[in-house]
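Below, each chain spelled out in residue letters.
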Amino acid sequence: MSDIAKLQIGENTYEFPLIQGTEKETAIDIASLRGATGGVVTIDPGFKNTGSCQSAITFLDGEKGILRYRGYSIEELAEKADFLEVAYLLIFGELPTKEQLDKFYNDILDNAIVDDDIKKIIDAFPKNAHPMGVLSSLTSALTAFNPSSVNVDSEEDMYNAIVKIMGKFPVLVAWTMRKQKGLPLHYGSRKLGYVENIMKMMFEKPNEEYEINPIIKDAIDKLLILHADHEQNCSTSTVRVVGSSHAGLFASLSAGISALWGPLHGGANQAVLEMLEAIKEDGGDTKKYMGKAKDKEDPFRLMGFGHRVYKNFDPRAKIIKVAADEVLDDLGIQDPILDIAKGLEQEALNDEYFVKRKLYPNVDFYSGIIYRALGIPVEMFTVMFALGRLPGWISQWREMRLRKEPIGRPRQVYTGENYRPFVKINKR
Ligand code: CMC
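Below, the structure is looked at part by part. (Residues numbered from 1 in each chain as written. Predicted model: local features only at pLDDT ≥ 70, side-chain atom pairs only at ≥ 80, totals over all residues. Heavy atoms only, no water.)

### Digging into the side chain of Thr286
Phase 1: Structurally, the position occupied by Thr286 is in helix H13 (residues 286–294).
Phase 2: On the basis of relative accessibility, which here comes to 11%, the residue Thr286 falls in the buried class.
Phase 3: Setting aside chain neighbours within four positions, we find Thr286 in contact with Ile279, Ile340, Leu344 and Glu347. (Helix = DSSP H or I, 4+ residues; strand = E, 2+ residues; numbered from the N terminus. Buried < 20%, exposed > 50% of the residue type's maximum accessible area, 1.4 Å probe, protein only. Contact = heavy atoms within 4.5 Å.)

### A word on the sheet that holds strand S5 (residues 66–69)
Phase 1: The three strands lie next to each other as S4-S5-S6, forming an open sheet whose pairing is antiparallel. Both outer strands of the open sheet, strand S4 (58–61) and strand S6 (72–73), are each paired with one neighbouring strand and no more.
Phase 2: With two bridges joining them, S5 and S6 adopt antiparallel strand pairing. Across the sheet, Tyr69 pairs through a bridge with Tyr72, a residue of S6. (Pairing = 2+ DSSP bridges.)

### Details of the packing of helix H9 (residues 214–226) against helix H14 (residues 315–331)
Phase 1: Closest axis-to-axis distance for the H9/H14 pair is 11 Å, and the angle between their directions is 165 degrees. When the axis of H9 is compared with that of H14, the two are roughly antiparallel. Where H9 crosses over H14, the two elements pack in a sense that is left-handed. For the pair H9 and H14, the contacting residues are Ile215, Ile216, Ala219, Lys222, Leu223 and Leu226 in the first and Arg316, Ile319, Ile320, Ala323, Val327, Asp330 and Leu331 in the second.
Phase 2: Residue composition of the contact of H9 with H14, grouped by class: 10 nonpolar, no polar and three charged. (Axes fitted to C-alpha atoms, helices over the stretch in contact; angles between N-to-C directions. Parallel < 35°, antiparallel > 145°, perpendicular 65-115°, else oblique. Left-handed = near helix turned anticlockwise from the far one by under 90°. Nonpolar A, V, L, I, M, F, W, Y, C, P; charged D, E, K, R; others polar.)

### Let's talk about H14
Three or four residues apart is the spacing at which side chains of an α-helix point the same way, because the helix has 3.6 residues per turn.
Phase 1: Given a rise of 1.5 Å per residue, 17 residues ought to cover 24 Å, and the 24 Å separating the end C-alpha atoms of H14 matches this to within 8%.
Phase 2: Elements that come into contact with the buried residues of H14 comprise S5, helix H2 (74–80), H9, helix H15 (336–349), helix H17 (364–373) and helix H18 (381–402).
Phase 3: After H14 finishes, the residue Gly332 shows a positive phi value of roughly 70 degrees. (Expected span 1.5 Å × (residues − 1).)

### Brief notes about the environment of Ile162
Phase 1: With respect to the helices and strands, the residue Ile162 is situated in helix H7 (residues 155–181).
Phase 2: Look at Ile162 and you get buried, because its relative accessible area is 0%.
Phase 3: Ignoring sequence-local partners within four residues, the contact set of Ile162 consists of Ile91, Phe104, Leu249, Ile394 and Arg398.

### Quick notes on a positive patch on the surface
Phase 1: A cluster of basic residues, Lys296, Arg301, Lys356 and Arg357, forms a positive patch on the protein surface.
Phase 2: Tracing the backbone shows Lys356 in helix H16 (residues 352–356).
Phase 3: Assessed through its relative accessible area of 61%, Lys356 is described here as exposed. (Patch = residues over 30% accessible without salt bridge, like charges linked within 9 Å, V, L, I, M, F, W, Y side chains within 5 Å. Areas by Shrake-Rupley, 256 points an atom, 1.4 Å probe, with all protein chains shown as cover. Salt bridge = Lys/Arg side-chain N within 4 Å of Asp/Glu carboxyl O. Lys, Arg positive; Asp, Glu negative; His and termini not counted. Charge placed at Lys NZ, Arg CZ, Asp CG, Glu CD.)

### Topic: empty space enclosed by the protein
Phase 1: Under the criterion given, the structure shown has two cavities of 30 Å³ or more.
Phase 2: Volume-wise, the largest cavity comes out at about 70 Å³.
Phase 3: Surrounding the largest cavity, Ile122, Phe125, Pro126, Lys127, Ala129, Val134, Thr176, Lys179 and Gln180 form its lining.
Phase 4: The biggest single contributor to the lining of the largest cavity is H7, with three residues.
Phase 5: Across the lining of the largest cavity, the residue classes break down as five nonpolar, two polar and two charged.
Phase 6: Approximately 40 Å³ is the volume attributed to the second largest cavity.
Phase 7: Along the walls of the second largest cavity sit Ala219, Lys222, Leu223, Leu226, Ile320, Ala323 and Ile370, which together make up its complete lining. (1 Å grid on protein atoms, 1.4 Å probe; cavity = no way out; pocket = protein on both sides within 12 Å on 5 of 7 lines; lining within 4 Å. Points joined across faces, edges and corners; volume = space filled by probe spheres on them.)

### Looking at the packing of aromatic side chains
Phase 1: Across all of its chains, the model carries 15 aromatic pairs by this definition.
Phase 2: Put simply, the rings of Phe305, Tyr353, Phe354, Phe365 and Tyr366 touch in pairs and so form one group of aromatic residues. (Phe/Tyr/Trp six-rings, centres within 6.5 Å; stacked < 30°, edge-to-face > 60°.)

### Regarding a negative patch on the surface
Phase 1: Residues Glu79, Glu326, Asp329 and Asp330 make up a contiguous surface patch of negative charge.
Phase 2: Considering every element that reaches the negative patch, the biggest residue donor is H14, with three residues.
Phase 3: Here Glu326 lies in helix H14.

### Some details on the nonpolar core
Taken as a class, soluble globular proteins show a tendency for nonpolar side chains to be buried jointly.
Phase 1: Tyr69, Met166 and Leu302 are the most contacted members of the largest nonpolar core, which has 117 residues in total.
Phase 2: If we skip the residues at most four places from it in the chain, Met166 touches Leu84, Ala87, Phe104, Ile108, Tyr194, Leu390 and Ile394. (Core = buried A, V, L, I, M, F, W, Y, C linked by side-chain atoms within 4.5 Å.)

### Quick notes on the site of the ligand
Phase 1: Around the ligand sit 23 residues, and of these His265, Arg301, Leu302, Gly304 and Arg308 come closest.
Phase 2: Note that an oxygen atom of the ligand is positioned 2.6 Å from one of the side-chain N or O atoms of His265.
Phase 3: Between the ligand and the protein, one listed contact pairs a nitrogen atom with a backbone N or O atom of Phe305 at 2.9 Å.
Phase 4: Contact with the protein chains removes 77% of the 930 Å² of surface that the ligand exposes when unbound.
Phase 5: Within the shell around the ligand, the residues separate by chemical class into 11 nonpolar, six polar and six charged. (Near = heavy atom within 4 Å. Polar contact = N/O pair within 3.5 Å; in protein donor to acceptor, adjacent residues only side chain to side chain.)

### What about the packing of H7 against helix H11 (residues 249–261)?
Phase 1: Where H7 contacts H11, the axes come no closer than 10 Å and their chain directions differ by 45 degrees. The orientation of H7 with respect to H11, classified from their angle, is oblique. Taken together, the residues of H11 that come into contact with H7 (itself represented by Ala161, Ile162, Lys164, Ile165 and Phe169) are Leu249, Phe250, Leu253 and Ile257.
Phase 2: Residue classes in the contact of H7 with H11 are distributed as eight nonpolar, no polar and one charged.

### Topic: the pairing of S5
Phase 1: The side-chain alternation of S5 yields one buried face, formed by Leu67 and Tyr69, and one unburied face, formed by Ile66 and Arg68.
Phase 2: Between the end of S4 and the start of S5, which pair antiparallel, lie four residues, with Gly65 showing a positive phi angle near 70 degrees.
Phase 3: Hairpin remark: S5 followed by S6, antiparallel, with two residues in the connecting loop; positive phi at Arg70, about 50 degrees.

Right, dumping it as structure tokens:
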């Protein structure tokens, strides 16, 4: 294949270099397009065909259902690694040695204390505030309490901001949930691992010793790993674009959390469970809801189905489906919602509408069933996604800074009024 793309506009032909990734993905480098053509831009709503950056973090092949972090397959990582190792891998590029991981975790623990005044901010939220809104605000507020975290010009500054947020974010997550439940806010224990400590901070009751259930620990580890990165999705692109203005890490992450909140993105895990509950309440008639999903006049969508990039099984959904069975089995829980989900999946996989559009279950379809079995309230599901995605956002933000990417600033094609003279208010 030639390494040049040619574009003809009227009489003129322009040449652009092709760029190839390590997995043989090809892109047309149009950086010189506007200059060469005297102002022509491309337009691509939803960025369906647009690569926003070159990245060495996550590879995904939506046709083949492949997902890898730094070259390691998601299946192997979910099976053999723990979440903190994966976080290190994503952020720094290699699996850590024991010493590297210990140092990373100690630095995180040394920075895990959150200014006590943050509790006053939490107190000011209504108890029924959505935790994603609370978390986004608190993450942004952290900058006010840690002003030096906006200095991220050196690797050392970045490292300091990274260990701070890796330490403080789980505290904010736990406090957000505990506040809603009316439970006292605390810090867990330095003696526990990263995930065990998150569990203790979230679930410990004030009047009993918290015991780590290894089944729940493994399930949370796996879920966090599966959510840890997914290349240039909506929230990650948001983090990179906000960070490209040289806004600090916490402000960039706060924007990412807001982007994740939407039901077409991370908010889908909450929406899936609410949908499955509604179907159950409605007598379990899955056919009726399949019909609604296919009806173009009906805004209803089968939540947890379809993906911008996967046109085959989402590999994460495959792992989570098996995990849902195992966790419910291990915990001795029978959840009719799981049967409804499996029924819907079977119908969709055999339905022409879904087959033709290549709509398969995505990561959010079964995750909520596990979260529910673990005793996590439904409004916290997307927060769990954010907890998992944190190292992915950090690694993408760090990569963007290290590569000295320019400020993200797309073009547009203006379709408004042409020039018209101002009319005074008494003449309108
Ligand atoms: N139920 C019914 N029809 C659907 C669905 C669905 N869940 N998803 C896509 N379609 C149809 C859509 O109506 C369109 O049909 P047509 O070609 O006749 O107009 C076609 O499939 C293509 O859909 P699209 O909206 O153009 O695809 P997209 O790539 O812009 O959107 C998506 C991808 C994930 C937003 C979409 O599939 C969706 O809304 N799914 C439900 C929400 C969801 O589960 N989101 C989680 C995504 S995975 C985790 C994450 O990213 O955070």
